[in-house]
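A closer look at the structure
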Amino acid sequence: MVIYKTNEEIELIRKSCLLVCETLAHVGSMIKPGSTGKSLDKAAEEFIRSNDALPGFKGYRNFPATLCFSVNEVVVHGIPGDKELNDGDIVSVDCGVFMNGFFGDAAYTFLVGEVDPEVVDLCVATKTSLYLGIEAAVAGNRIGDIGAAIQDFTEKTHHYTVVKDLVGHGVGRNLHESPEVPNFGKKGKGLLMKEGLVIAIEPMINLGVRNVYQSKDGWTIFTRDRKPSAHYEHTIAVKKAQADILSDHTIIEDAIKKNPNLTDISEKR
Ligand code: MG
Ligand code: MG
């Protein structure tokens, strides 16, 4: 069942999404070669709790951490650990918070130090595809229009592959609500979108093959060929003319610009 939100509820979801982005900015201000997922996860949890909110992922189906920390060939759902980041790594950091009865959800892939140009391009294209998906998320369009926009750009314009095993989702009083929001699909197919629909759009795009597998930890999703994967996510509210983006990556990108250990791709398309 799809739960449509009132404007008041959308404003509460926006608050949760902005705290997610502030948390990701806090994390982004600290990332450097040598950082561990575990230390960044601890900082993120403290930051969220100091803002009178709860980590949205911790304990969700027994997930053990505040952040999903997914390095290079890890697509999503990586568990923050003791392994140190290296110069040239990319890391998707996905975060959720729960505040005022509503979840917020957003993710950003950070580029640590000097990253292979081929992988920089993957990140730029994945981020661009997110905005193309958001452009398609207007009242009167269908869910398939979002996936078609993302897939056309990443697979036809570029020769990347869309992960099909994991999808975006509704956001509200639950972290994952209906409908599913695939990053692939056909124009004109799927649920008709109406105002009040709040969804997370989150393309996961691979440099190599689309196939993925889950590690024996029960969470971590790897690319089958171990080539890198990028992931960017916004939570948006569907409106008539254009979607209202409830999360805000510019908060994160301001932190990236101030951190000499990260490569800033915010101006690239
Ligand atoms: Mg997320
Ligand atoms: Mg999500």
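One structure accompanies this document, and this report is about it. Numbers given for residues are sequential positions, taken from 1 along each chain in its written order. Naming scheme: in the order in which they are written, chains are lettered from A and ligands are numbered from 1. At least 70 in pLDDT is required for a residue's local features to be given in this predicted model, at least 80 for side-chain atom pairs to be given and counted, and no such filter applies to totals for whole chains, interfaces and linings, which use all residues. The side-chain figures draw on all heavy atoms in the structure; neither hydrogens nor water molecules are used.

1. A look at the coordination of the magnesium ion (ligand 1)
Put simply, the test is: Counted as donors are the N, O and S atoms within 2.8 Å of the metal, or 3.2 Å for Na, K and Ca, while water is not among the atoms, so some sites may look incomplete. What counts as a helix is a DSSP run of H or I of at least four residues, what counts as a strand is a run of E of at least two, and both are numbered from the N terminus. To sort residues, take the accessible area from a 1.4 Å probe on protein chains only and compare it with the maximum for the residue type: under 20% means buried, over 50% means exposed, and anything in between is partly exposed.
Protein-derived ligands of the magnesium ion (ligand 1) are Asp94 (OD), Asp94 (OD), Asp105 (OD) and Glu233 (OE), with the metal-ligand distances lying across 1.9 to 2.5 Å. Mapped onto the sequence, the donors of the magnesium ion (ligand 1) take the spacing D-x10-D-x127-E. A separation of 3.0 Å is found between the magnesium ion (ligand 1) and the magnesium ion (ligand 2), which are bridged by Asp105. With Asp105 in strand E5 (residues 102–112) and Glu233 in the loop between strand E13 (229–231) and strand E14 (234–237), the pair connects residues that are 128 residues apart, well separated along the chain. On the accessibility criterion, Asp105 (2% relative accessible area) is buried.

2. Brief notes about the packing of aromatic side chains
To keep things clear, this is the line we draw: Paired rings are identified among Phe, Tyr and Trp, the last through its six-membered ring, by centres lying within 6.5 Å, and are further divided according to the angle between planes into stacked (under 30 degrees), edge-to-face (over 60) and tilted (the rest). Two conditions define a charge sitting above a ring: the NZ of Lys or the CZ of Arg must be within 6 Å of the ring centre, and it must be within 35 degrees of the ring normal.
Per the counting criterion, the structure on display carries five aromatic pairs. Ring centres of Tyr108 and Tyr232 lie 5.0 Å apart, and the angle between their planes is 85 degrees; on these two criteria the pair is classed as edge-to-face. In this pair, Tyr108 is assigned in strand E5 and Tyr232 in the loop between E13 and E14, connecting sequence segments 124 residues apart. You can call Tyr232 buried: its relative accessible area is 0%. Taken together, the ring pairs connect Tyr108, Phe110 and Tyr232 into an aromatic cluster. A cation over a ring is seen here: Lys164 above Phe184, with NZ or CZ 5.1 Å from the ring centre. Taking NZ or CZ as reference, Arg226 lies 4.5 Å from the ring centre of Phe222, over its face.

3. Details of the coordination of the magnesium ion (ligand 2)
The protein atoms that coordinate the magnesium ion (ligand 2) are Asp105 (OD), His169 (NE2), Glu202 (OE) and Glu233 (OE), at distances of 2.1 to 2.3 Å. For the magnesium ion (ligand 2), the single-chain donor residues occur in sequence as D-x63-H-x32-E-x30-E.

4. Remarks on the packing of helix H1 (residues 7–30) against helix H2 (residues 37–50)
When two helices pack together, you describe them by how their axes are tilted relative to each other and by the distance separating the axes. Under the convention used in this document: Orientation is described by lines fitted to C-alpha atoms, with helices fitted over the stretch in contact, and by angles between N-to-C directions that extend from 0 to 180 degrees. Take the far helix as the reference: if the near one is turned anticlockwise from it by less than a right angle, the crossing is left-handed, and if turned clockwise, right-handed. A contact between two residues is defined here by any heavy atoms of the two lying within 4.5 Å. Gly counts as polar in this scheme, as do all residues outside two lists: the nonpolar Ala, Val, Leu, Ile, Met, Phe, Trp, Tyr, Cys and Pro, and the charged Asp, Glu, Lys and Arg.
Remark: H1 packs on H2, axes separated minimally by 10 Å, with the N-to-C direction vectors making an angle of 140 degrees. Taken as a pair, H1 and H2 cross one another with a handedness that is right-handed. Here Leu19, Glu22, Thr23, His26, Val27 and Met30 of H1 lie close against H2, whose contacting residues are Leu40, Ala43, Ala44, Phe47 and Ile48. In terms of residue class, the contact of H1 with H2 is built from eight nonpolar, two polar and one charged.

5. A few points about the sheet that holds strand E15 (residues 244–245)
Selection criterion: Any two strands are treated as partners once DSSP identifies two or more bridges connecting them.
A sheet is described by the order of its strands in space; here five strands give the open sequence E8-E7-E9-E14-E15, paired in antiparallel fashion. Lying at the two open borders of the sheet, with one neighbouring strand each, are strand E8 (177–181) and E15. The sheet contact formed by strand E9 (residues 198–201) and E14 spans four bridges and is antiparallel. The residue bridging Ile201 from the neighbouring strand is His234, located in E14. Set on the sheet, helix H3 (residues 117–135) makes contact with E9, E14 and E15; between it and E14 the angle comes to about 15 degrees.

6. Describing the state of the cysteines
Going by this rule: Cysteine sulfur atoms are paired as a disulfide whenever they fall within 2.5 Å.
Counted according to the given criterion, the structure contains zero disulfides. We note that Cys95 lacks a disulfide partner, and the nearest cysteine sulfur, in Cys21, lies 8.8 Å from it. We classify Cys95 as buried; its relative accessible area is 0%. A disulfide-free cysteine, Cys123 has its sulfur positioned 17 Å from the sulfur of Cys21, the nearest such atom.

7. Focus on the pairing of E8
Alignment of strand E7 (residues 168–170) against E8, held across three bridges, turns out to be antiparallel. Across the sheet, the residue bridging to Gly170 is Glu177, located in E8.

8. Digging into unusual backbone geometry
Each neighbour pair has its own omega, and for Ser178 with Pro179 the value is 0 degrees, a cis peptide bond. Mapped onto the elements, Pro179 comes out in strand E8. We note that Arg61 has phi near 50 degrees; this positive angle belongs to a residue other than glycine. Residues other than glycine seldom take positive phi values, yet Asn100 does so here, at roughly 55 degrees.

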